[in-house]
Amino acid sequence: MTERVGRAWLLLGPALAVLAALFALPAILLFAVSFWEVRSFRLSPALSLAAWAGIWRDYAGLAAYTVGIGLAVSALTTMLGLAFALAVRFAVRQGDRLMIAVLITLFGGYLVKIYAWKSILGADGLLNQALIALGLTGAPLQALIYSRGAVIVALVHFLLPFAILPLYAGLRNVSDTAIEAARDLGASRAAILWRVVLPQVRGGLFAAIAFTFLLAAGDYVTPMLLGGPGGTMLGQFVLLEFSTNFDWPAGAALSYALLGSCLAVLAVLAAVVFGAGRQP
Amino acid sequence: MIGRLLIALFLLFLLGPILLVVLFSFGSSALIGFPTGPLTLDWYRALWNDSGFWVSLRASLVVALATAVIATLTGTLAALGLRRLGAGTARLLTGGLALPVLMPPLVVAIAIVVLVVRGLGLPLGVPVVVLAHVLVTQPFVILILLARLERFDPAAMEAARDLGATEWQAFTRVMLPQIAGALVGAGLIAAAISLDDFIIASFTLGGGNTLSTFTWGKMRTTLDPSINAIATVLIVLTLSLSAVALRLARYRG
């Protein structure tokens, strides 16, 4: 090993140590725990498939529903994000400056955003006040909050910057020359978008779809606060098994079921995004 | 024209809900809604006199500062290391280091709790929160630093070495001043993510509160209007840190 490469690994040491100690090792232990047993509230190492059988029995439907919500949110967010990124890239001049306004909300306000939707959609929330004031409804609509729709709206709002960022980064690298050439050759706007622009932002498109899907499907705080009994998602039951039921094997198996189903869906999405439209 | 209208609508959707919370934190009406009543600082006064708020703010700031310092260190060293490796190896390692950010924070947090409590038999608390936050913030430091180092001219370092500087001198006198903005920016982003994090902190803290878990407690249990004020404090802290950071790091995607 050359000195240069040896030095590189030395520099990477601390970060990789953190990754190994706080991510790889815990992940392995969590997987092992999913085969352990709980007897009278005591967790003991074993090689049991009880937890896996149990979650297959109890949670298969909920897993499918959670993946469905994740996909719906991801599709909506990615389409909206693409529309915004296209507008910023092609309709205004100071695009980079506008992006700061989007970026600024990326790292802050997770709880505050969910709380804001609670106060907008609640029974005595802003939307109901507005509807009553406009005479559109007599009594507050109870169904605005504690519903699937509320969860989807709040998740789309929270995740939009995560979709816009990679899409805009991809669009910045699309050259104007290729677009002008296509236009000169008589391509319609739709054709330019579909055949010239989108194929060049495949990476950004997949990043947007993947980020938003993973974060939506893995979230439990939004459904807990806005979902009500009809809008529960898998993450809430991971929490339930770990804390309330003290059934760590079930919680561990459920965590891996959540991860597994998300990764399976992502593999399919990757095949679609990177396979579609590729000329033979 | 349509493009501009679209952008305006999007910004309203993105920022509107946050601005509403800020607005109502100054309204005297206990309910969220219009009219807000006369403007008042009552909810901030209530917060000022709430010892729980100060304890949680202190914990949050300690965690955010420690996270920022450690993650900037581990992340910067990693970025410098990655630059010395082949492109394939570097991409693989960057992906591996970014993995914790892509996993549901709930699962990351639970796995850490299982290791600390069951695997090691150690207590939860602030040090565990800090380490967990380093895990999920160092990828951002690495990405910001890699983007900055991309634009750094290695010839400057070689020139310094040719003129007799040691490697350490070349690093501290030539490279460090140039990447200082990105370093501070990356640290502030790490602090913002740490302050904002609720899920990981709520599992790994054990007892007590950070600002996020304190806010969550109010969100779940009470209809206390001072929650608008806490939410505003939280959002102003994280957003202003991000704003300064983005300016310093000049990070674009």
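Our subject is the structure that appears above.
Quick caveat, the model's predicted, so the values are computed rather than measured.

(A) Up close: the overall build of chain A. Within chain A one finds 12 helices and 2 strands. By its C-alpha atoms, chain A is 75 × 75 × 40 Å across when sized along the principal axes. Within chain A, the proportion of its 280 residues that are buried is 51%. A total of about 12900 Å² of accessible surface is found on chain A, and carbon and sulfur atoms cover 68% of it. Between the mean site of the 17 positive side-chain charges and the mean site of the 11 negative ones, chain A shows a separation of 6 Å.

(B) Quick look at the packing of helix α1 (residues 3–33) of chain A against helix α6 (residues 126–150) of chain B. At a minimum axis distance of 10 Å, the contact between α1 of chain A and α6 of chain B shows a crossing angle of 120°. Comparing their axes, α6 of chain B and α1 of chain A come out oblique. Remark: the crossing between α1 of chain A and α6 of chain B carries left-handed chirality. Of the residues in α6 of chain B, those in contact with Ala15, Val18, Leu19, Leu22 and Phe23 of chain A of α1 of chain A are Leu131, Val134, Leu135 and Gln138 of chain B. The residue inventory of the contact of α1 of chain A with α6 of chain B, partitioned by class, reads 8 nonpolar, 1 polar and no charged.

(C) Just the packing of aromatic side chains, in detail. Residue and element names in this part refer to chain A. A complete count under the given rule lists 17 aromatic pairs over all chains for this structure. Judged by centre distance (5.7 Å) and plane angle (50°), the rings of Phe246 and Trp248 are tilted. Taking the relative accessible area as the measure of exposure, Phe246 reaches 33% and is therefore partly exposed. Chaining the aromatic ring pairs together yields one cluster made of Phe31, Phe35, Trp52 and Tyr256.

(D) Highlighting helix α11 (residues 234–244) of chain A. The complete set of buried residues in α11 of chain A reads Leu234, Gly235, Gln236, Val238, Leu239, Glu241 and Phe242 of chain A. Positioned one or two residues after α11 of chain A, Phe246 of chain A has a phi angle of 50°, which is positive.

(E) Here's a closer look at the packing of helix α12 (residues 248–275) of chain A against helix α5 (residues 105–119) of chain B. Running from amino to carboxyl end, α12 of chain A crosses α5 of chain B at an angle of 145°, the nearest separation of the two axes being 11 Å. With respect to the hand of their crossing, α12 of chain A and α5 of chain B are arranged in left-handed fashion. Each of Trp248, Ser255, Leu258 and Leu259 of chain A in α12 of chain A lies in contact with α5 of chain B, whose residues at this interface are Val107, Val114, Val117 and Arg118 of chain B. Residues of the contact of α12 of chain A with α5 of chain B, tallied by class, amount to 6 nonpolar, 1 polar and 1 charged.

(F) Looking closely at unusual backbone geometry. Residues and elements named next belong to chain A. Look at Tyr146: it is not a glycine, yet its phi comes out positive at around 55°. When you line up the elements, Tyr146 lands in the loop between α5 (126–133) and α6 (148–172). With a phi close to 50°, Phe246 is a non-glycine residue in the positive phi region. Counting through the fold element by element, Phe246 comes out in the loop between α11 and α12.

Cut-offs applied
Residues numbered from 1 in each chain as written. Chains lettered and ligands numbered in written order. Predicted model: local features only at pLDDT ≥ 70, side-chain atom pairs only at ≥ 80, totals over all residues. Heavy atoms only, no water. Helix = DSSP H or I, 4+ residues; strand = E, 2+ residues; numbered from the N terminus. Buried < 20%, exposed > 50% of the residue type's maximum accessible area, 1.4 Å probe, protein only. Areas by Shrake-Rupley, 256 points an atom, 1.4 Å probe, with all protein chains shown as cover. Lys, Arg positive; Asp, Glu negative; His and termini not counted. Charge placed at Lys NZ, Arg CZ, Asp CG, Glu CD. Axes fitted to C-alpha atoms, helices over the stretch in contact; angles between N-to-C directions. Parallel < 35°, antiparallel > 145°, perpendicular 65-115°, else oblique. Left-handed = near helix turned anticlockwise from the far one by under 90°. Contact = heavy atoms within 4.5 Å. Nonpolar A, V, L, I, M, F, W, Y, C, P; charged D, E, K, R; others polar. Phe/Tyr/Trp six-rings, centres within 6.5 Å; stacked < 30°, edge-to-face > 60°.

It is worth stressing that arrangement in space is one thing and function is another; only the former is reported here.
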